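Examination of the molecular architecture
Each chain is listed here by its residues.
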Amino acid sequence: MTFIVPIGPQHPALKEPAFFRFEVKGEEIADVDIRFGYVHRGIEEALQRRDYKHDVYLIERICGICNVVHTTTYCQAIEQLAGVEPPERAKYIRVIILELERIHSHLLWLGIAAHQIGFNTLFMLAWRDRERVMDLREIISGNRVTSATNTIGGVRRDVKPEHVPTILRGLDELEHSTKYYIDLFNSDRTILARCTNVGILTKDDARKFCAVGPLARASGVDTDIRRDHPYAIYDKLSFNVITEREGDVWAKSMVRLREILEAIHIVRQAVKEMPIGPIRIKVNLEIPRNEAIERTEAPRGELFYYALSNGTDSPERVHVRTPTCANFASIKRMFLGGTVAEIPIVIWSIDPCFACNDRVALVDSHTGKTFNLSLKELRKWRH
Amino acid sequence: MEVLSFILGSLVFPGLLFASLIGLLYIGIDRKVTGHMQNRIGPPIWQEFLDVGKLLSKEDITPGAAQSPIFTAAPLVALGAAVTVMLLIPVSSPQPTLTMVADLIVIIYLLNIPAICMMLGGYSSGSPFGATGAGRHVAQLFGYEFVFIIAILVAVVRVGSLGLPTIVNYQAQQGWLILDWRLLPAAIAALVAIQGKLLRVPFDIPEAESEIVHGSLTEYSGPKLAIWRLAYDVETIVVAGLFAALFLGGPTAYVIGGVQIPSIVDFLIKTLAIVLLTTTLRNIMARLRIDQALKFYWTSATLLAIISLVLVLVVP
């Protein structure tokens, strides 16, 4: 006999609303049905009604955790549309903030992952270390989370030379604790019991379902936009792309933890090699008709932007595809055959961000059925 | 006169009032120590009093699907059982308030009642989380209970009596049972079983909050939840008191520097030490899955207890 375990829309395992309907045989998962759309905010439509400068602030609020990578991608796309190149120093500052954001995002992930397997001490310790990254970000940008650093044509705030020693000291502390966490994930028996051979995504499946980011790398797919399609100044910095072979939750944790070390390495290089010069150029934002795509490596994977200009000071169309959207195809395969106890950690192992990912879903509230609209009907609805 | 002293015993000392106060205080200390272990400040140690007080003053809601006498009675019966055990374990002297011939058997039975009530509450709550939590609790009960009983049996065989006062008196003359190398494995096994009995990490599987919300207690709120919390807190001190009586010599009076230390102080120190030990264990581990927990109980923990039993039977 199967019965339904509803996970969501509100559930302690989920940090944002989404609905997972699990069919469970005892403790074993027989089937899963996923429904999104609870936090759709209509940002793409709103972007078209504002000008390029205002859009930066709106873009920053697509995702709270990875706001810098969103604005960087957007600004790079618009710079590409306008045919301008930001100054060298601005690119370095972007990379510093981007990598600090990666550290912050991965530590946040680590904390909640520890909470999902009931290890609350590790949760608190990881978030204590996350505070250090936030302090560093505050030194550089003036804000702990939403950094408001990027603008079209460069960055708004400079990294001051007197802050460099503080940043380097903070990175040393972070490196020390990250190495401890890696050690912990390699040796703690309860963590190993909960994370190994759980939520496995094989290399073939990762390719087939087009997984991106740490999820793909944990399954052995060697992909990283920073190396494959370098933006900003990633081509001038040396770093390794971390991969693991196992594809289970442990491998996903390990990829993220080792990426923190790589990110620390990148920030150190960038701080050292940063050239002196202007941080921003003026851009004429009445951009003639043009289109651009831009890809970056967000903490969760490939972030994709498409921008289309029409000669006015606001975009004709900006399209966003977040990494979570790409990774949801893989999640069903990771659940089947598992147990109820694995649900939270497996959901969290793709590092989902529902609000960034949500698309409109049209649901008949009486029958619960979803339905599609034709383009004609959609046009009618819009006007 | 005997009736009056029984009523006083069950309601004031060492019954409901005393057990509740100490239980709430100990869980408060537990939360504070947990906070410090996790590198945060933690709540004040009287936080548990405030929490339970607030819950008691809230509206009493029973969900529509859970309208049954079982759902309402479960927390009360659980609290009653936990308080009754308090009368059977030695608190202020080697002699408990109530004595009977084979009180250990009664204690083992009574200590299972809160767990069984929790399962009944979960099954009758009409929530899939409650049902899953109760199912896991049944499975886990069969894991830890066997270990717990064997470990108690080792002490019983060593002393040759099923009466808790006899065991405590024996230890007063012969030294603590935990210091006997033949009984050490049993004491460790009993501690592991206690960790499962009190639903603490790594054995908090029946109420794993990130998986099944709060397990059996998901649908409980307000005063009923407050009584559940109280029952849990009393159960904590009762289990710690039982362990202290079995392996740590029970409450003993000391004279230090000419000052008479009453045995109640000894009881409080020993139980607090046991509670803090379980607190430490729960803060250094991740939660296991139910199959892993059962495997652990039926192999390692049972093996420890049985080795100890064989040693006690064979080695004179």
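Structure report, in brief. (Residues numbered from 1 in each chain as written. Chains lettered and ligands numbered in written order. Predicted model: local features only at pLDDT ≥ 70, side-chain atom pairs only at ≥ 80, totals over all residues. Heavy atoms only, no water.)

1. Quick look at the overall build of chain B
Keep this limit in mind: Only DSSP runs of H or I reaching four residues or more are called helices, and only runs of E reaching two or more are called strands; each is numbered from the N terminus. Buried residues are those whose accessible area, probed at 1.4 Å on protein chains only, stays under 20% of the maximum for their type, while exposed residues exceed 50% and partly exposed ones sit between those limits. Here, two residues are considered to be in contact whenever any of their heavy atoms come within 4.5 Å of each other. Computed with the Shrake-Rupley method and a 1.4 Å probe, the accessible areas treat only the protein chains shown as cover for residues. Charge counting treats Lys and Arg as positive and Asp and Glu as negative, with His and both chain ends excluded. Working definition for charges: the position is that of NZ of Lys, CZ of Arg, CG of Asp or CD of Glu.
Each helix and strand counted, chain B has twelve helices and two strands in total. In chain B, the succession of helices and strands from N to C terminus is α-α-α-α-α-α-α-α-α-α-β-β-α-α. Projecting the C-alpha coordinates of chain B onto the three principal axes gives extents of approximately 60 × 50 × 45 Å. Burial status across chain B gives 55% buried among its 316 residues. Intrachain contacts of chain B at a sequence separation of at least 6 include 78% that bridge at least 24 residues. Carbon and sulfur atoms make up 73% of the accessible area of chain B, which amounts to about 12800 Å² in all. Positive and negative side-chain charges in chain B, numbering 17 and 18 respectively, have mean positions lying 6 Å apart.

2. A word on the pairing of strand E7 (residues 301–309) of chain A
Residue and element names in this part refer to chain A. For clarity, the threshold we go by: DSSP calls a pair of strands paired once it identifies at least 2 bridges connecting them.
Of all nine residues that make up E7, seven are buried, and the element is covered over most of its length. The turn joining strand E6 (residues 290–298) and E7, which pair antiparallel and follow one another in sequence, is formed by two residues. Bridging between E7 and strand E8 (residues 317–321) involves five bridges; their strand directions are antiparallel. Each residue of the ladder has a partner; that of Ala-307, found in E8, is Val-318.

3. Quick notes on the sheet that holds E7(A)
All names here are of chain A. Just so we agree on the cut-off: Note on geometry: axes are lines fitted to C-alpha atoms, helical ones only across the stretch in contact, with angles between N-to-C directions running from 0 to 180 degrees.
Strand order in this open sheet of three strands is E6-E7-E8, and the pairing throughout is antiparallel. Two strands bound the open sheet, and with one partner strand each, they are E6 and E8. Pairs of neighbouring strands in the sheet enclose a mean axial angle of 10°, with direction left out of account.

4. Let's talk about the packing of helix H10 (residues 222–247) of chain B against helix H11 (residues 263–283) of chain B
All names here are of chain B. Applied cut-off: Orientation is classified from the angle alone, with under 35 degrees giving roughly parallel, over 145 giving roughly antiparallel, 65 to 115 giving roughly perpendicular, and any other angle giving oblique. In this count, Pro and Cys sit with the nonpolar residues alongside Ala, Val, Leu, Ile, Met, Phe, Trp and Tyr, while Asp, Glu, Lys and Arg are called charged and the others, Gly among them, polar.
The geometry of H10 relative to H11 is characterised by a closest axis approach of 9 Å and an angle of 110° between their N-to-C directions. In this view, H10 runs roughly perpendicular relative to H11, as classed from their interaxial angle. Between H10 and H11, the contacting residues are Thr-236, Ile-237, Ala-240, Gly-241, Phe-243 and Ala-244 on the first element and Phe-267, Lys-270, Thr-271, Ile-274 and Val-275 on the second. Residue composition of the contact of H10 with H11, by class: seven nonpolar, three polar and one charged.

5. A short note on a positive patch on the surface
All names here are of chain A. The line we're drawing: Patch building starts from residues that exceed 30% relative accessible area and form no salt bridge, then joins like charges within 9 Å and nonpolar side chains (Val, Leu, Ile, Met, Phe, Trp, Tyr) within 5 Å. For this analysis, a salt bridge means a side-chain nitrogen from Lys or Arg found within 4 Å of a carboxyl oxygen belonging to Asp or Glu.
On the surface, Lys-53, Arg-156, Arg-157, Lys-160, Arg-280 and Lys-282 cluster together into a patch of positive charge. By secondary structure assignment, the location of Arg-280 is in the loop between helix H11 (249–273) and E6. On the accessibility criterion, Arg-280 (47% relative accessible area) is partly exposed.

6. Digging into the packing of aromatic side chains
What counts, and what does not: Each Phe, Tyr or Trp ring (for Trp, its six-membered ring) is paired with any other whose centre lies within 6.5 Å, and the angle between the two planes then decides the class: stacked below 30 degrees, edge-to-face above 60, tilted in between. To sit over a ring, a charge needs its Lys NZ or Arg CZ within 6 Å of the ring centre and within 35 degrees of the ring normal.
Evaluated as defined, the whole model comprises 16 aromatic pairs over all chains. Aromatic side chains Phe203(B) and Phe296(B) sit 6.0 Å apart centroid to centroid with 25° between the ring planes, which places their arrangement in the stacked category. Here the residue Phe203(B) occupies a position in the loop between helix H8 (184–197) and helix H9 (209–212), and Phe296(B) occupies one in helix H12 (residues 290–314), the gap between them amounting to 93 residues. Among the aromatic residues, ring-to-ring pairing joins Phe20(A), Phe22(A), Phe328(A), Phe335(A) and Phe354(A) into one connected group. The residue whose ring lies beneath Arg130(A) is Trp127(A), and the NZ or CZ to ring-centre distance is 4.9 Å. Over the aromatic face of Trp109(A) sits the side chain of Arg256(A), whose NZ or CZ is 4.5 Å from the ring centroid.

7. Thoughts on helix H4 (residues 88–116) of chain A
Put simply, the rule is: Given the number of residues in a helix, its expected span is that number minus one, multiplied by 1.5 Å.
With 29 residues, H4(A) should reach 42 Å at 1.5 Å per residue; the first-to-last C-alpha distance of 42 Å fits that figure. With 28 of 29 residues buried, H4(A) lies mostly within the body of the structure.

8. Section: the interface of chain A and chain B
Cut-off, in case you're wondering: Two parts placed together each lose some accessible area; with a 1.4 Å probe, that loss summed over both constitutes the buried area. Polar contact is defined as a pair of N or O atoms within 3.5 Å, subject to the rule that within protein one atom must be able to donate a hydrogen and the other to accept it, and that residues adjacent in sequence are counted only when both atoms are side-chain atoms.
Every contact between the two is made by 30 residues of chain A and, on the other side, 23 residues of chain B. Summing the contributions of chain A and of chain B, the shared interface buries around 2200 Å²; its carbon and sulfur component is 57%. Considering only the surface of chain A that becomes buried against chain B, Thr121(A), Thr190(A) and Arg194(A) emerge as the three largest contributors, covering 22% of it. Put simply, chain A and chain B have one salt bridge between them. Close ionic contact of Glu342(A) with Arg289(B) constitutes a salt bridge, the shortest N to O distance being 3.7 Å. At the junction of chain A with chain B, the criterion picks out seven residue pairs in polar contact (both at pLDDT 80 or more). For the side of chain A that touches chain B, the secondary structure elements donating two or more residues are strand E1 (3–7), H4, helix H5 (120–141) and helix H7 (189–195) of chain A.

9. Things to note about the environment of Gln76(A)
All names here are of chain A. Here Gln-76 is to be found in helix H3 (residues 67–82). Measuring from C-alpha to C-alpha, the distance between Gln-76 and Arg-49 comes to 20 Å, with 27 residues separating the pair along the chain. Setting aside chain neighbours within four positions, we find Gln-76 in contact with Arg-94, Tyr-231, Ala-232, Glu-294 and Thr-296.

10. Overview of the pattern of salt bridges
Residue and element names in this part refer to chain A. Tallied over the entire structure, the rule returns 46 salt bridges over all chains. Notably, a salt bridge pairs Glu-88 with Lys-236, separated by 2.1 Å at the nearest N-O pair. With Glu-88 in helix H4 and Lys-236 in the loop between helix H10 (225–228) and H11, this pair connects stretches of sequence that are 148 residues apart. Classification of Glu-88 by relative accessible area gives partly exposed; the value is 31%. Residue classification places Lys-236 among the partly exposed residues on the basis of a relative accessible area of 46%. Two residues, Arg-258 and Glu-244, come together in a salt bridge whose shortest N-O distance is 2.6 Å. Within this pair, whereas Arg-258 is found in helix H11, its partner Glu-244 is found in the loop between H10 and H11, the two being separated by 14 residues in sequence. With relative accessibility at 31%, the residue Arg-258 sits in the partly exposed group. The exposure class assigned to Glu-244 is buried, which follows from its relative accessible area of 12%. Residues participating in the shared-partner salt-bridge network are Glu-99, Arg-102, Arg-217, Asp-224, Arg-226, Glu-259 and Glu-297.

11. Things to note about the sheet that holds strand E3 (residues 28–35) of chain A
Residue and element names in this part refer to chain A. In spatial order, the strands read E1-E2-E3; together these three strands make up an open sheet with antiparallel pairing. Each having just a single partner strand, E1 and E3 make up the two edges of the open sheet. Shown here is a sheet whose adjacent strand axes are inclined to one another by a mean of 25°, direction ignored. Summarising the sheet, E1 and strand E2 (residues 19–25) pair through five bridges and their orientation is antiparallel. Each bridged residue has a counterpart across the sheet, and for Ile-7 the counterpart in E2 is Phe-20. Here helix H12 (residues 323–335) sits on the sheet in contact with E2 and E3, set at roughly 165° to E3.

12. Section: the side chain of Ser105(A)
The residue Ser105(A) is located in helix H4 in this model. In contact with Ser105(A), other than residues within four places in its own chain, are Ile65(A), Pro299(A), Arg300(A) and Asp351(A).

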